[in-house]
Amino acid sequence: MTFEKLVKNWVNEIQSLKETMLINQIVNTKQLQEVEKSYNEFIKTRCKVEEETANSLKFAIPDSVYSEFYEKRNELNKLIVATNVLPRMYIVTLICQYDALIGNLVKLVLLKQTELLNNSEKTMSFQQLMNYEKMEDVKEFIIEKEIESILRESHDEQLKWFEKKLNIKLHEDKELIKKFLEITERRNLFTHNNAKVNESYITNCRKMNIETTAKIGDILEVDPKYYENSVNCVIEIGTKLAIILWRHLYKDDYEKSEIVLNQIAYGLIYDYNYELAEKLLDFALNSFKPFKASSNKLMITLNKAQCMLWEGKETEVKNLLDEQDWSLCTPQFLLCKNVLERNFDIALEILQTKDTELSQSDLLSWPIFKELREKENFKNYMNEKYPNSIEEHMEENSNKLELAEQQLAENIS
């Protein structure tokens, strides 16, 4: 396992969970509405309604339909409970994925700097030692025990472990840390106290300067906005942590880490998650000094600029682009710059006269060109240059379960 494969797979897994869980919630809510409608119709048509107000319904149940009524009420109650409980599990799963990332990061750190194990207090019996033929297997045993020990610590202590072992700083973005730790504290309530606020939650929030209006006994739920913010927070802190550790341990991988972070941000842009993408790109521009490759800095700058443009920050876009030196840039970079500045005529001229090394698919799919694609001149250019539509491509059928199992094996190896 490498840092590149770990962080890319992990972000993809979190984003996939986000989409799946939101779809599940929509389906659950729709099903609940349908069952509730059927239940109310049953009461009005098969029972004797005695009194009806805007918020209540008083009715009598004839003996002949009581069994059917009981089944419908039971089905409705189960769906109500499931609709309330499932979002809590989404948060639990989210933090489980983060814990898996931490375990893998600890392993990568210890494999790279095995001297960190010199002060490990993990012990093994003589009998255990005799079970291993190679010293590498003993080292693997000690590393796994170290990981287990670290994962039993609080999430804040885990960050401090990295700071202490590698002499790095991870607590500088205090607001991000506080948001993340509140999520982990809420997750603890879901797993240990049925979502009910207890003294431990209040005490830990105060200790970490986390603002909360919750009182002991309150039930904390997960609405769609809280879940979306939680996913973004976890992706942000996990990605930043992985990139920081990667660059600290492998200085020869600076250029690759720049490319990977930009790829992650691009994926977020493609999913319209501009706010999170901008945060990661801003992190890169502030942290990667100097960039290993100037082209990576320009790509990250352009992607940050398009995030701000789609968020309506036109002035900030101009200021960001004006800070860069574009004099020696390739036609591809100049095309993107002019598109973001909405100089569409100049952009079209570059397309017509320069080799941008962009394919038909690039021009039709890159988010940065979405406004350009609406221009009649661009449509005419594309029709002339590419008179035929993109050819359909064939994909071999594959065993999806087999692929999933293979990816899982790679993640834990």
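Residues numbered from 1 in each chain as written. Predicted model: local features only at pLDDT ≥ 70, side-chain atom pairs only at ≥ 80, totals over all residues. Heavy atoms only, no water.

Draft legend 1. Up close: the pattern of salt bridges. One pass over the structure, following the stated rule, counts 24 salt bridges. A salt bridge links E4 to K256, with the nearest nitrogen and oxygen atoms 4.0 Å apart. With a gap of 252 residues between them, E4 in helix 1 (residues 3–46) and K256 in helix 9 (residues 254–270) connect regions that are remote in the sequence. Overall, the relative accessible area of 24% leaves E4 in the partly exposed class. Residue K256 is classed as partly exposed on the basis of its relative accessible area, which comes to 39%. When the shortest N-O distance is used, the salt bridge between E68 and R46 registers 3.5 Å. One end of the pair, E68, is in helix 2 (residues 66–112); the other, R46, is in helix 1, with 22 residues separating them in the sequence. Here E68 falls in the partly exposed class, since its relative accessible area comes to 33%. The class of R46 is partly exposed, set by a relative accessible area of 39%. Each of E4, K8 and K256 takes part in a single network of salt bridges with overlapping partners. (Salt bridge = Lys/Arg side-chain N within 4 Å of Asp/Glu carboxyl O. Helix = DSSP H or I, 4+ residues; strand = E, 2+ residues; numbered from the N terminus. Buried < 20%, exposed > 50% of the residue type's maximum accessible area, 1.4 Å probe, protein only.)

Draft legend 2. How the structure looks around the pairing of strand 2 (residues 57–60). Pairing of strand 1 (residues 48–52) with strand 2, which is carried by 4 bridges, proceeds in the antiparallel orientation. The residue bridging E51 from the neighbouring strand is K58, located in strand 2. Here strand 1 folds back onto strand 2, and the loop between the two strands holds 4 residues. (Pairing = 2+ DSSP bridges.)

Draft legend 3. Layout of the packing of aromatic side chains. On inspection of all chains with the given rule, the structure shows 15 aromatic pairs. Relative to Y250, the ring of F3 has its centre 6.0 Å away and its plane inclined at 70°; by these criteria the two rings are edge-to-face. Separated by 247 residues along the polypeptide, F3 in helix 1 and Y250 in the loop between helix 8 (224–249) and helix 9 bring together distant segments of the chain. Residue classification places F3 among the buried residues on the basis of a relative accessible area of 5%. Owing to a relative accessible area of 29%, Y250 belongs among the partly exposed residues under this scheme. Ring geometry for Y98 and F180: centres 4.6 Å apart, planes at 55°, overall tilted. Linking Y98 in helix 2 with F180 in helix 6 (residues 174–192), this pair joins segments that are 82 residues apart in sequence. A relative accessible area of 0% places Y98 in the buried class. For R247, the ring lying beneath its charged end belongs to Y254, and the centroid distance is 4.1 Å. (Phe/Tyr/Trp six-rings, centres within 6.5 Å; stacked < 30°, edge-to-face > 60°. Lys NZ or Arg CZ within 6 Å of the ring centre and 35° of its normal.)

Draft legend 4. Here's a closer look at the environment of L111. Among the secondary structure elements, L111 is positioned in helix 2. The class for L111 is partly exposed, based on a relative accessible area of 39%. Taking C-alpha positions, L111 is 8.9 Å from E140, a pair spaced 29 residues apart along the chain.

Draft legend 5. Looking closely at the side chain of K337. Among the structural elements, K337 can be located in helix 13 (residues 331–340). With a relative accessible area of 15%, K337 lands in the buried category. The contact partners of K337, leaving out residues within four places of it in the chain, are L302, L321 and W326. (Contact = heavy atoms within 4.5 Å.)

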